[in-house]
Amino acid sequence: GCDASLLLEDRNSSYEKQAIPNLTLKGFDKIDLIKEEVEQECPGVVSCADIIALAARDAVLLAGGPFYPVLTGRRDSRQSYFQEATDQIPRPDDNVTRTLQLFNLRGFNARETVSLLGAHNIGNIGCDFIQQRLYNFQGTRQPDPSIPLDFLADMKRNCPPDNKNTSTNNSTNEFSTFTISKPMNVHDSNKKGMSYTQALSSISSGKSLDTHYYQSLLQGRGLLFSDQQLMAQEKTARLVSAYASDDGSTFRMDFAAVMLKLSNLDVLTGNQGELQIEENAEEMNRHSVFLHVLADSIRRTSWCRLIMHDEVVSTVSS
Ligand code: HEM
């Protein structure tokens with residue numbers, strides 16, 4: 001859910017940030033920084049969940065993507081979900097059936113899933129996530145045969161073999177090759193890799209959220225196996241073609257709508273959850289009394305809401 005549970009840390013048990021799909025997430029320092037500044041202006045009013053949702057929206061906009069309105073008033077989770085994150089976040093080596101299934105668990109249909117994956121128009125895919133396709137696809141010690149040869153050469157140039165990452169040790173089940181061969185470490189220098197602008201260098205726009213992700217997939221030039229898998233099923237392949245076929249406006253419209261839906265996914269409101277002022281769960285508990293006192297200040301609350309420039313769905317004064 002969009003409840004900032006991802007930020008919680010707990011010395012006594014595993015927490016979401018430690019789940020393999022989350023190990024390469026970046027930007028926590030930026031969220032801290034924003035939270036610090038907002039706390040100085042409006043103590044105890046704006047949740048981390050709202051900050052994450054607003055930061056995601058503004059990041060999309062700054063990357064040349066569409067604007068979408070973000071409702072505020074989310075409360076922060078008190079609970080972290082390590083196991084759910086481990087089991088239910090789609091993996092780069094998942095097939096399309098599995099990807100659709102996992103998004104469907106959270107209420108997203110095929111069209112919404114295909115448009116959400118268009119986020120890969122921007123950013124970089126680290127070599128760690130590409131190696132298996134290049135050097136040991138599904139334990140064959142061969143590349144994924146579906147990669148066009150010129151693109152395979154390109155990818156290999158960008159991501160030379162890394163022995164640690166292509167071993168087949170213990171790779172017995174359908175989904176095991178990726179995680180067992182190299183558990184990702186957040187401190188890995190994962191700078192190398194490729195972007196979808198590189199995958200389709202003939203498309204010039206480069207930086208913005210447009211059609212080049214989908215055009216790459218049409219040409220078999222997907223970087224992740226799970227990306228390219230969108231072409232493996234007729235329904236998703238048709239959506240990829242549709243998003244690739246105009247100036248990007250169909251994708252951008254759908255992307256705005258689905259990001260709005262994502263930002264409202266299982267939000268906590270009213271008396272649910274709380275308002276974090278520290279990332280650390282123990283610290284958070286120490287401060288929660290303080291926060292509730294401050295939250296009673298209606299005048300200050302209203303002023304702070306104006307600063308957010310967004311609509312408020314629920315108040316913290318309850
Ligand atoms: C099947 C679903 C998905 C899988 C398997 C997946 C997997 C990945 C992987 C492995 C990376 C590379 C990370 C790295 O090298 O540090 C990545 C990057 C990225 N993903 Fe996804 N992703 C999925 C869906 C999404 C969705 C729904 C969004 C947003 C709405 C998203 C946004 C991004 C962005 C922006 C990057 C670039 C990050 C950067 O440059 O640092 N992804 N994804």
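Computed from a predicted structure; not experimentally measured.

### Notes on the packing of aromatic side chains
One pass over the full model with this rule turns up 8 aromatic pairs. Between Tyr214 and Phe251, the aromatic rings sit 5.2 Å apart at their centres with planes inclined by 65°, giving edge-to-face as the arrangement. Pair noted here: Tyr214 is in helix H11 (residues 212-218) and Phe251 is in helix H14 (residues 249-263), with a separation of 37 residues, a long-range link. When its relative accessible area of 0% is taken as the criterion, Phe251 is described as buried. What links up through ring pairs into an aromatic cluster is the set Tyr196, Tyr213, Tyr214, Tyr243, Phe251 and Phe255. Above the ring of Phe28, the side-chain terminus of Lys17 is found at 4.6 Å from the ring centroid.

### Points about the coordination of the iron atom of the ligand
Looking at the protein side alone, the iron atom of the ligand has one donor only, His120 (NE2), at 2.1 Å. Mapped onto the elements of the fold, His120 is located in the loop between helix H5 (110-116) and strand E1 (125-126).

### Here's the deal with the state of the cysteines
Taken as a whole and judged by the stated rule, the model has 1 disulfide. What pairs with Cys127 in a disulfide is Cys159, and their sulfur atoms sit 2.1 Å apart. Residues Cys127 and Cys159 are joined by a disulfide whose S-S torsion is about -75°; by sign, that bridge is left-handed. Placement of the pair is Cys127 in the loop between E1 and helix H6 (131-135) and Cys159 in the loop between helix H7 (149-158) and helix H8 (163-166), with a sequence separation of 32 residues.

### Remarks on the nonpolar core
Nonpolar side chains tend to gather and get buried jointly when the protein is soluble and globular. Grouped together as the largest cluster of nonpolar side chains are 46 residues, with contacts concentrated most on Ile130, Leu134, Met155, Tyr214, Leu223 and Leu230. A total of 5 residues in this core trace back to one element, the largest contributor, which is H14. In this structure, Leu223 is in contact with Ile125, Ile130, Arg133, Phe151, Met155, Met194, Ser195, Tyr196 and Ala199, ignoring residues within four places of it in sequence. Ala4, Val38, Cys42 and Val45 belong to the second largest nonpolar core, which has 11 residues in total.

### Remarks on unusual backbone geometry
Phi at Ala4 takes a positive value of approximately 60°, unusual for a residue other than glycine. Among the residues examined, Ala4 registers a relative accessible area of 6% and is labelled buried. The phi dihedral of Arg141 is positive, around 60°, even though this residue is not glycine. Mapped onto the elements of the fold, Arg141 is located in the loop between H6 and H7.

### Details of the confidence of the model for the protein chain
Chain-level pLDDT for the protein chain is 81 on average; 75% of the residues reach the 70-or-more range. For residues 167-190, every residue scores under 50 in pLDDT, and the model assigns this stretch 47 contacts once sequence neighbours within four places are set aside. Contacts from residues 279-318, a stretch scored under 50 in pLDDT, to residues over four places away or in other chains number 66 contacts.

### Quick notes on the side chain of Ser216
Along the chain, the position of Ser216 falls in helix H11. Its relative accessible area of 0% is what places Ser216 among the buried residues.

### Looking at the site of the ligand
Around the ligand there are 20 residues in total, and Lys26, His120, Gly123, Asn124 and Gly126 lie nearest to it. Separating an oxygen atom of the ligand from a backbone N or O atom of Asn124 is a distance of 2.8 Å. Contact between the ligand and Gly126: an oxygen atom at 2.7 Å from a main-chain N or O atom of the residue. Residue assignment for the shell around the ligand shows that the elements contributing at least two residues are helix H4 (96-105) and E1.

### Describing the pattern of salt bridges
Tallied over the full model, the rule gives 13 salt bridges. The partner of Arg74 in a salt bridge is Asp50, and the shortest N-O contact between them spans 2.6 Å. Here Asp50 lies in helix H2 (residues 48-62) and Arg74 lies in the loop between H2 and helix H3 (82-88), a separation of 24 residues in the sequence. Both residues of the pair, Arg74 and Asp50, belong to the buried class. Between Arg91 and Asp93 there is a salt bridge, with its nearest N and O atoms 3.2 Å apart.

Rules of the game
- Residues numbered from 1 in each chain as written.
- Predicted model: local features only at pLDDT ≥ 70, side-chain atom pairs only at ≥ 80, totals over all residues.
- Heavy atoms only, no water.
- Phe/Tyr/Trp six-rings, centres within 6.5 Å; stacked < 30°, edge-to-face > 60°.
- Helix = DSSP H or I, 4+ residues; strand = E, 2+ residues; numbered from the N terminus.
- Buried < 20%, exposed > 50% of the residue type's maximum accessible area, 1.4 Å probe, protein only.
- Lys NZ or Arg CZ within 6 Å of the ring centre and 35° of its normal.
- Donors = N, O, S within 2.8 Å, 3.2 Å for Na, K, Ca; no water.
- Disulfide = S-S within 2.5 Å.
- Core = buried A, V, L, I, M, F, W, Y, C linked by side-chain atoms within 4.5 Å.
- Contact = heavy atoms within 4.5 Å.
- pLDDT = per-residue confidence, 0-100.
- Near = heavy atom within 4 Å.
- Polar contact = N/O pair within 3.5 Å; in protein donor to acceptor, adjacent residues only side chain to side chain.
- Salt bridge = Lys/Arg side-chain N within 4 Å of Asp/Glu carboxyl O.

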